[in-house]
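# Inside the fold
The lines below spell out each chain.
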Amino acid sequence: MKKLYFLFLLSSVFYFSQKSDSVALISEVKIDAYKKPVSFIASTKSVSVVSENLLSQNPPDRLLESVNQIAGARMEERSPGSYRIAVRGSSLRSPFGVRNVKVYLDDFILSDASGNTYFNQISPDLIHKIEIYKGPESGDFGAVTGGTLLLQTQNSDDLSLNLSSGSYGTFNESINFSKQFGKHFFQVYQNYYRTDSYREQSAVERKQIFTKDNFKYSEKGELKAMLLFSDLDYETPGGLTLAQMEANRKQARPATATLPGAKEQNAGIRNKMVLAGLSNQYQLTNGLSHFVLVQGSYVDFENPFITNFENRFESNFALRTHFNYEQNWDKVSAEWRLGYEGATNPIFIKNFDNNRGTESNPQNFDKLRNNSGFYFLSQKLNFNERLFTDISISLNSNAYKWEKIFPTSETGNVKFKNQWLPNFGMTYVLDKGFSLRGKIGKGNSAPTNEEIRSSNQEFNFNLVPEYGWNKEIGVRKQFGNTIFVEFNYFDFRMKDAIVRRQNEAGQEYFVNQGNTVQKGWEFLLESKRFDLKNEILSHFKFRFSGSIYDFKFKNYIQGSSDFSGNALTGVPKTTINSLLNFTFFKKLAVDYSQFLTSKIPLTDSNSVWSEPSLVSNIQFRYPIKFEKSRLDLFFQIQNLYNEEYVLGFDINAFGNRFYNPSAKRNFVVGATIEL
C-alpha cells in the first residue's frame, strides 16, 4: 500500500505525452470559445482544455480517462456504452446520458431542444480537442447551469488506420482521412467497435461514419457541411445491491419475486442517430461578419427494460445565427455579437410490455414537442492587452406541447417563464503569464424531455426549471517556461434543483427539491516537456489536478424528513487526478495515470455512501518510422491494481440497487498506422 501511495505522489510530479502539443503549456494554448478565440491566460471564462495528449490516454470505447483529468469535470460509466458527464455536480438529475450540459461538435449542436445529449454516439477517435466550460455561461451558449462542452474534430491532413483488441472480446477499428484539396478541406471518418464487457448483459456494438467539407469559397466566406451517422447497441445489466455485488460482481440484475431480471428481459439500448448540418461564415465588411447554421437530426431509440419496451422516434431542428462586429483603436479593441439560437424537438413515444426483448401488448403512446431558444448580446473588450472583459446577456424561452394518444386521448401546453440571464467576466494580466480573473453569471436549466415524460410513463407538469447565480474568482500563473498553476474558487447557489427518484419497479421520475449551495476549489499544476539529455530516461512531463467541494442541500424537505445540510447526492467531496509519462531511449513512452475519488453519498438522506477508490492505468507506446509512414504500437492496462470499484452509481435507487461494478484489471493492445 505504501508503494501505491508513493507512485501516486510521484505521479503528481511527472507527466509526458509524445503528441506535438505536449511542448506547449496550457497557458499558451488558444481557446476557440465558439468563434471568440483568446489565449488561455487572458480568458475570462472558467475553461479547461482536453488536448490531443490527454485524449491519447483513452481506450477506444470512451473519453472517460481524459475528461476525468479535468478539475471540476467527471465522466461516469454505469455500464459500457452508458455514460454521464457531470460538470461541478450537474449529473444530480441524470440517470444516464448528458443533461444540464450543452454540447457542440465543431460549429454544430449535439444537444437537442430540451437539453439532452446522446454523448455516447460519438467515437473517441473522432475528437481531437475538447474545451470544457464550467458553470453557467448564458450569453453565447444559452440556458444551462452545469456547463458547456465544445468538441472539435480533425483540422489537418491525416490518413490513418487504428486497430486494437483487448479483454472481454474487445475489438476496435477506425479509419480517418482528412486532406486539403484546393478550397476544400475534407474529412471522412469510419469506426467499428464491439465488446462483450466485464458483466453479464453488457455487450456493446457501435458503428459510425462522419464526414465534413469546409469550403473556403472566397476570401470572405466559408461554407461547412457535416454528416454524422451512428448506430449504437448496448446491453444494460442494471444495478446491484451491495450483497449481490459482493456475491458476484459480474452478474446482471437478478429477478425478484415480482419482476424478471435484466438478462431475461434482454435489457439494453438500441440507438440510431443521423445528424446533418450546414454553416456559413461571411465577412460583410472589414469589421462586420455574419454566421448562420441550420441542422437537423433523427433518432430511432429502443429501450427494452425490466418493466416495459420503449420506442422513441425523435427529430430535432436547430438554427443559430449571429452578427459580429469588431473595432480596434490604439490600445483598445472591442467585439460585439448579436444573435439567436433555437430548436424544436418533436418526439413520438411508444411503450409496450417487454416480452424477453420484444414488443408485446401496448401500454402508453404519447407525443411531446419541446421548443426552446435564446436571443443573446455579448461584448468583449481588450484594454492594452492587460484588462479583458466579457459581458453578455441572453433572453431564454422554453415550452412544450404534450399529447396522450393511447389508452386515453388528451393534449396540453406548458410554457416556462422567460429568463434574462446576465454574465460578466473580467481578467487582469498583472505580468506576462500571470492573471487574475473574476466572474458572475446566472444559469437556468429547464427539464429535458426524459424528465417531463420519464420512464414511469407519466407527464410531470409540476417540474419547473432550476436556476441560480454563480460567482467565482481565479488565478493563473506561469513560472518561466516550465510550470503552470491555476486555482479557482466558486460559489453557486441553485434554486428548485431537479432530483431523480425511483419507484418500486425501478422506473424513474423527477421532482424539484429545494435549493443547493455548491462551493468548491479547483486546481491544476502542469509542466512543460523536460528534455533530460539522457539516453535512457529522455524526457518527462507532469500534470496534477483536482477539486475539493462543499456541496449541500438547503431547505430540502421530503415528506417528514428534513435533508437540509446534507451533502449533495452523487458528488465526491475530493478528487485528485494525475498523469505521469516517462520517455525511455527517446522512443518508448510510458503513461501512468491515477484517479483518487473520495466517498460519495448515494441517497439524499446520506444514509448510504460509497467507498473511496484509487484507480490506476498504465500505457506503453512505441513508434516505428518508415520512409513515408509511421506505425505507433501501444499496450494499455486499465485498473492496474485490480481495484474493486464502481465508475457510475445509481443514486437514490429503489431497493438499494446502487452499484454498477466496473471491470477489474484488463488490457488493450493495438496499433495506429499513419500513411
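All values reported here derive from a predicted model rather than from experimental measurement.

## Re the overall build of the protein
Along the backbone of the protein there are five helices and 37 strands. A compact globule built from 675 residues should have a C-alpha radius of gyration of about 26 Å, and the protein, at 24 Å, falls within 12% of that. The dimensions of the protein, computed from C-alpha atoms along their principal axes, are 70 × 55 × 50 Å. The buried share among the 675 residues of the protein stands at 60%. In the protein, the share of contacts with a sequence separation of at least 24, taken over all contacts with a separation of at least 6, comes to 65%. Counting 78 positive and 70 negative side-chain charges, the protein places the averaged centre of each group 4 Å from the other.

## A look at the nonpolar core
Formed by 67 residues in total, the largest nonpolar core has its most connected members in Phe-119, Ile-130 and Leu-149. Excluding its chain neighbours within four sequence positions, the residues that come into contact with Leu-149 are Ile-85, Val-87, Val-101, Lys-102, Val-103, Tyr-104, Phe-119, Ile-130, Glu-131 and Ile-132.

## Things to note about the side chain of Asn-444
Structurally, Asn-444 can be placed in strand 23 (residues 434–445). With a relative accessible area of 8%, Asn-444 lands in the buried category. Residues in contact with Asn-444, not counting those within four places in the same chain, are Ala-143, Val-144, Thr-145, Gln-419, Leu-421, Pro-465, Glu-466 and Tyr-467.

## A closer look at the sheet that holds strand 9 (residues 147–152)
Pairing is mixed in the open sheet, where five strands are placed in the order 3-8-9-6-7. In the strand order of this sheet, the two ends are held by strand 3 (47–50) and strand 7 (108–109), each with one partner. Sheet topology places strand 6 (residues 101–105) next to strand 9; five bridges connect them, and they run parallel. Counterpart to Val-103 in the pairing with strand 9 is Leu-149.

## Some details on the pattern of salt bridges
Side-chain pairs of opposite charge can arise whenever the charged atoms involved come near each other. Enumeration according to the criterion identifies 40 salt bridges in this entry. Among the salt bridges present, the one from Glu-310 reaches Arg-312, with a minimum N-O distance of 2.8 Å. Residue Glu-310 shares its accessibility class with Arg-312, and that shared class is buried. Among the ionic contacts, a cluster of salt bridges with common partners joins Glu-310, Arg-312, Glu-314, Asp-366, Glu-450 and Arg-453.

## Side note on the environment of Asn-456
As for its position among the elements, Asn-456 is in the loop between helix 5 (449–452) and strand 24 (466–479). Residue classification places Asn-456 among the buried residues on the basis of a relative accessible area of 17%. Taking C-alpha positions, Asn-456 is 53 Å from Arg-529, a pair spaced 73 residues apart along the chain. Not counting the four nearest positions on each side in its chain, Asn-456 is found in contact with Asn-503, Gln-507, Glu-508 and Tyr-509. From its side chain, Asn-456 meets the backbone nitrogen of Glu-458 in a polar contact 3.1 Å long.

## Looking at the confidence of the model for the protein
Chain-level statistics for the protein give a pLDDT mean of 91 and a share of 95% at 70 or above. Segment residues 1–23: pLDDT under 50, and 68 contacts once partners within four positions in sequence are set aside and those in other chains are kept.

## Quick word on a nonpolar patch on the surface
A cluster of nonpolar residues, Ile-209, Leu-227, Phe-229, Val-274 and Tyr-298, forms a patch on the protein surface that exposes about 410 Å² of accessible area. Its place among the elements puts Ile-209 in strand 13 (residues 204–215). We classify Ile-209 as partly exposed; its relative accessible area is 46%.

## Examining unusual backbone geometry
Cis geometry marks the peptide bond from Phe-406 to Pro-407, where omega comes out at 5 degrees. Its place among the elements puts Pro-407 in the loop between strand 20 (387–406) and strand 21 (410–415). Not every positive phi belongs to a glycine, and Asn-100 is a case in point at roughly 65 degrees. Look at Asn-652: it is not a glycine, yet its phi comes out positive at around 55 degrees. With respect to the helices and strands, the residue Asn-652 is situated in the loop between strand 36 (630–638) and strand 37 (666–674).

## Here we look at the pairing of strand 23
For strand 22 (residues 419–431) and strand 23, the ladder comprises eight bridges, and the chain directions are antiparallel. What sits directly across from Tyr-428, in strand 23, is Leu-436. Linking two consecutive strands that pair antiparallel, namely strand 22 and strand 23, is a turn of two residues; a positive phi of about 75 degrees is found at Gly-433 within it. Sheet topology note: the strand 23/strand 24 ladder contains 12 bridges and is antiparallel. Each bridged residue has a counterpart across the sheet, and for Ile-440 the counterpart in strand 24 is Lys-471.

## A short note on the environment of Gly-239
Position of Gly-239 relative to the elements: it lies in the loop between strand 14 (221–235) and helix 4 (242–247). A relative accessible area of 7% places Gly-239 in the buried class. Spatially, the C-alpha atom of Gly-239 lies 8.0 Å from that of Phe-649, the residues being 410 residues apart in sequence. Not counting chain neighbours up to four residues away, the residues in contact with Gly-239 comprise Arg-253, Asp-650, Arg-657, Tyr-659 and Asn-660.

## Side note on the packing of aromatic side chains
By the definition in use, this model includes 36 aromatic pairs. Between Phe-40 and Phe-484 the ring centres are 5.9 Å apart and the planes differ by 75 degrees, which places this aromatic pair in the edge-to-face class. In this pair, Phe-40 sits in the loop between strand 2 (38–39) and strand 3 while Phe-484 sits in strand 25 (residues 483–495), placing the two residues 444 residues apart along the sequence. For Phe-40, a relative accessible area of 1% translates into the label buried. Look at Phe-459 and Phe-461: their rings are 5.9 Å apart centre to centre, the planes differ by 10 degrees, and that puts the pair in the stacked class. Take Phe-459: its relative accessible area is 10%, and that puts it in the buried class. Directly above the aromatic system of Trp-609 lies the positively charged group of Lys-599, at a separation of 4.8 Å from the ring centroid.

What counts as what
Residues numbered from 1 in each chain as written. Predicted model: local features only at pLDDT ≥ 70, side-chain atom pairs only at ≥ 80, totals over all residues. Heavy atoms only, no water. Helix = DSSP H or I, 4+ residues; strand = E, 2+ residues; numbered from the N terminus. Rg over C-alpha atoms; globule rule 2.2 N^0.38 Å. Buried < 20%, exposed > 50% of the residue type's maximum accessible area, 1.4 Å probe, protein only. Contact = heavy atoms within 4.5 Å. Lys, Arg positive; Asp, Glu negative; His and termini not counted. Charge placed at Lys NZ, Arg CZ, Asp CG, Glu CD. Core = buried A, V, L, I, M, F, W, Y, C linked by side-chain atoms within 4.5 Å. Pairing = 2+ DSSP bridges. Salt bridge = Lys/Arg side-chain N within 4 Å of Asp/Glu carboxyl O. Polar contact = N/O pair within 3.5 Å; in protein donor to acceptor, adjacent residues only side chain to side chain. pLDDT = per-residue confidence, 0-100. Patch = residues over 30% accessible without salt bridge, like charges linked within 9 Å, V, L, I, M, F, W, Y side chains within 5 Å. Areas by Shrake-Rupley, 256 points an atom, 1.4 Å probe, with all protein chains shown as cover. Phe/Tyr/Trp six-rings, centres within 6.5 Å; stacked < 30°, edge-to-face > 60°. Lys NZ or Arg CZ within 6 Å of the ring centre and 35° of its normal.

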